[in-house]
Amino acid sequence: MRYKSCQWVNRGMEFRTDEIRLCCYGYLQGRETEYQTTMFSDFHGKNLDWEAFFAKKEELKQMHKEGKYLDACKDCIYLFEKDWDEENYVNHFTFNHWTKCNCNCVYCYTANDKKAFNKFKEYKIYPIVKDMFKKGIIKKVDESCLCFGGGEPTILDDFDKLIDIFVNNGAKNIRINTSAIKYSKAIEKALKLGVMSIVISTDSGCEETYEKIKQVKTYKKVWENIRKYLKAAVDKKLVMVKFILIPDTNDSYEEIDLWFDEVIRNGVKAVSLSVEQDWYNTHQPEFTQDIYEKISYIEKRAKELNLELEIYCEALAVLRERK
């Protein structure tokens, strides 16, 4: 049936530290509505009731068929119209079920209350995914997507096994957000196969700014690992270096230019751009002209340098509001 919906409502799930959500994009419409995307609360890795899971999805799909949407979904950039099949399966994943990391970014959602987030104990995802494959709940189709957010994925105990089970079952669109502080052979293997892209937020063009943002002294090590990943990748555009604009921290033209210099010097072919999430949440929908101009400048410079540019939803929202 043809109607306006999204891959996450129809086919997705996000694993969080203590719940299952439809997706991780509900906050784009405001923090007060993001919890509408919660499907199961108090989840810590126990067996899921899949009948109840798909019943909840069916309720939302029916709303979309009738042209009705949750406040968290209204005007979402991921909504589009197509013929949706009626089969029950999952092919879009976001893993955000842990907060442990090997750096301490000032813009991280855990930064305001590190003690509270450090209390979260990660649950094992691999047994859940293995069971989903066994039950036929995961279906591989062309638009399948697997993303890692959370803390640092390479330090998860079952990270390598998770990558292997998806790759061995034909996954071709795996997305890893990594600090690149720890070099991963599993990532290297997937880059060689061309089934994974990675995003590394350096957010700076010099050690001083990097250490101010990340609060660890690993700038040179990260760029060394970026070069190793680039060498391994069958396509260098699978290795993206990211710049998150943080007002009053790294949002000078000088810092942006230094970042582009580092990108070019190290042979990077693809970059990505975002805006600090807390700043976005407190300023939407009225964004400053200055941030709009910085985003536009990065767009222009990437084009001049023949770099592939990916713009994250926060920065896209700023552009959409100002244009």
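Residues numbered from 1 in each chain as written. Predicted model: local features only at pLDDT ≥ 70, side-chain atom pairs only at ≥ 80, totals over all residues. Heavy atoms only, no water.

Trainee: How should the nonpolar core be read in this particular structure?
Mentor: Looking at soluble globular proteins, one finds that nonpolar side chains tend to be buried together. Within the largest apolar cluster, 102 residues are counted, with the highest numbers of intra-cluster contacts made by Met13, Phe15, Phe93, Phe95, Phe148 and Phe166. When residues of this core are assigned to their parent elements, the largest contribution, seven residues, is made by helix α8 (residues 219-232). Ignoring sequence-local partners within four residues, the contact set of Phe148 consists of Phe95, Trp98, Pro153, Leu156, Phe159, Leu162, Ile163, Arg175, Ile176 and Asn177. (Core = buried A, V, L, I, M, F, W, Y, C linked by side-chain atoms within 4.5 Å. Buried < 20%, exposed > 50% of the residue type's maximum accessible area, 1.4 Å probe, protein only. Helix = DSSP H or I, 4+ residues; strand = E, 2+ residues; numbered from the N terminus. Contact = heavy atoms within 4.5 Å.)

Trainee: How should empty space enclosed by the protein be read in this particular structure?
Mentor: One simple way to see leftover space: roll a probe sized like a water molecule over the atoms. Per the stated rule, a full pass over the model turns up one cavity of 30 Å³ or more. Empty space within the largest cavity amounts to approximately 90 Å³. In this structure, the largest cavity is lined by 13 residues; those nearest its centre are Cys6, Cys23, Ala72, Cys73 and Cys76. (1 Å grid on protein atoms, 1.4 Å probe; cavity = no way out; pocket = protein on both sides within 12 Å on 5 of 7 lines; lining within 4 Å. Points joined across faces, edges and corners; volume = space filled by probe spheres on them.)

Trainee: Sorry, what's going on with helix α4 (residues 126-135) here?
Mentor: For an α-helix, the turn length of 3.6 residues means that residues three or four places apart are oriented alike. Residues Tyr126, Ile128, Val129 and Met132 constitute the buried set of α4. Angular distribution of buried residues about the axis of α4 spans 160°; they occupy a single face of the element. On the buried face of α4, the contacting elements are β2 (12-16), α2 (50-65), β6 (92-96) and α5 (159-168). (Arc of directions from axis to C-beta.)

Trainee: Is there a simple way to explain the environment of Glu59 in this structure?
Mentor: Tracing the sequence through the fold places Glu59 in helix α2. Classification of Glu59 as exposed rests on a relative accessible area of 55%. Here the alpha-carbon distance between Glu59 and Val9, two residues 50 residues apart in the chain, equals 10.0 Å.

Trainee: Help me understand the pairing of strand β8 (residues 174-177) in this model?
Mentor: For a regular strand, side chains alternate in direction, first toward one face of the sheet and then toward the other. Taken together, the three bridges between strand β7 (residues 145-148) and β8 define a ladder with parallel strand orientation. Paired with Phe148 across the bridge in β8 is Ile176. Regarding topology, α5 serves as the crossover connection from β7 to the parallel β8, and that connection is right-handed. Direction of pairing for β8 relative to strand β9 (residues 196-201): parallel, over a ladder of four bridges. Directly across from Ile176, in β9, lies its bridge partner Ile198. With helix α6 (residues 185-193) bridging β8 and the parallel β9, this β-α-β connection has right-handed handedness. (Pairing = 2+ DSSP bridges. Right-handed = clockwise from strand over helix to strand, strands pointing away.)

Trainee: I'm lost on unusual backbone geometry in this one. Help?
Mentor: Comment: phi is negative for the bulk of residues other than glycine, and the bulk of peptide bonds are trans. Even without a glycine there, the phi angle at Asp42 is positive, about 50°. When you line up the elements, Asp42 lands in the loop between β4 (38-41) and α2. A positive phi angle, near 70°, is found at Asp248, a position not held by glycine. Note on placement: Asp248 falls in the loop between β10 (239-245) and α9 (253-265).

Trainee: Is there a simple way to think about the pairing of strand β11 (residues 270-275) in this case?
Mentor: For β11, the buried fraction is high: six of the six residues fall into the buried class. Burial along β11 is two-sided: the face carrying Ala270, Ser272 and Ser274 and the face carrying Val271, Leu273 and Val275 are both buried. Pairing geometry for β10 and β11, over six bridges, is parallel. By the bridge assignment for β11, Met240 is matched with Ala270.

Trainee: I keep staring at the side chain of Glu255 and nothing clicks. Help me out?
Mentor: Among the secondary structure elements, Glu255 is positioned in helix α9. Look at Glu255: it is buried, it has no salt bridge, and the nearest opposite charge is Lys212 at 8.7 Å. Within polar-contact distance, the side chain of Glu255 engages the backbone nitrogen of Gly205 at 2.7 Å. The residues touching Glu255, leaving out its near neighbours within four places in the chain, are Ser204, Gly205, Cys206, Thr209, Phe243 and Asn250. (Lys, Arg positive; Asp, Glu negative; His and termini not counted. Salt bridge = Lys/Arg side-chain N within 4 Å of Asp/Glu carboxyl O. Polar contact = N/O pair within 3.5 Å; in protein donor to acceptor, adjacent residues only side chain to side chain.)

Trainee: So what exactly am I meant to see when it comes to the packing of aromatic side chains here?
Mentor: The description of an aromatic ring pair uses the distance of the two centres, along with the angle that the planes make with each other. For the coordinates displayed, the defined rule picks out 23 aromatic pairs. Judged by centre distance (6.4 Å) and plane angle (55°), the ring pair of Phe95 and Phe166 falls under tilted. A residue pair is termed long-range when its members are at least 10 positions apart, and Phe95 in strand β6 and Phe166 in helix α5 qualify at 71 residues. The same class applies to Phe95 and to Phe166, which are both buried. For the pair Tyr253 and Tyr297, a centre-to-centre distance of 4.9 Å together with 85° between the ring planes defines the contact as edge-to-face. Of this pair, Tyr253 sits in helix α9 while Tyr297 sits in helix α11 (residues 289-304); the two residues are 44 residues apart in sequence, bridging distant segments of the chain. Accessibility expressed as a relative area gives 35% for Tyr253, which makes it partly exposed. (Phe/Tyr/Trp six-rings, centres within 6.5 Å; stacked < 30°, edge-to-face > 60°.)

Trainee: What exactly am I supposed to notice about the sheet that holds β7 here?
Mentor: Sheet strands pair by backbone hydrogen bonding; their relative direction is either parallel or antiparallel. In spatial order, the strands read β4-β3-β2-β6-β7-β8-β9-β10-β11-β12; together these 10 strands make up an open sheet with mixed pairing. For this open sheet the edge positions go to β4 and β12 (308-311), each flanked by a neighbour on one side alone. Within this sheet the neighbouring strands show an average axis-to-axis angle of 20°, counted without direction. As paired elements, β9 and β10 share four bridges and run parallel to each other. (Axes fitted to C-alpha atoms, helices over the stretch in contact; angles between N-to-C directions.)

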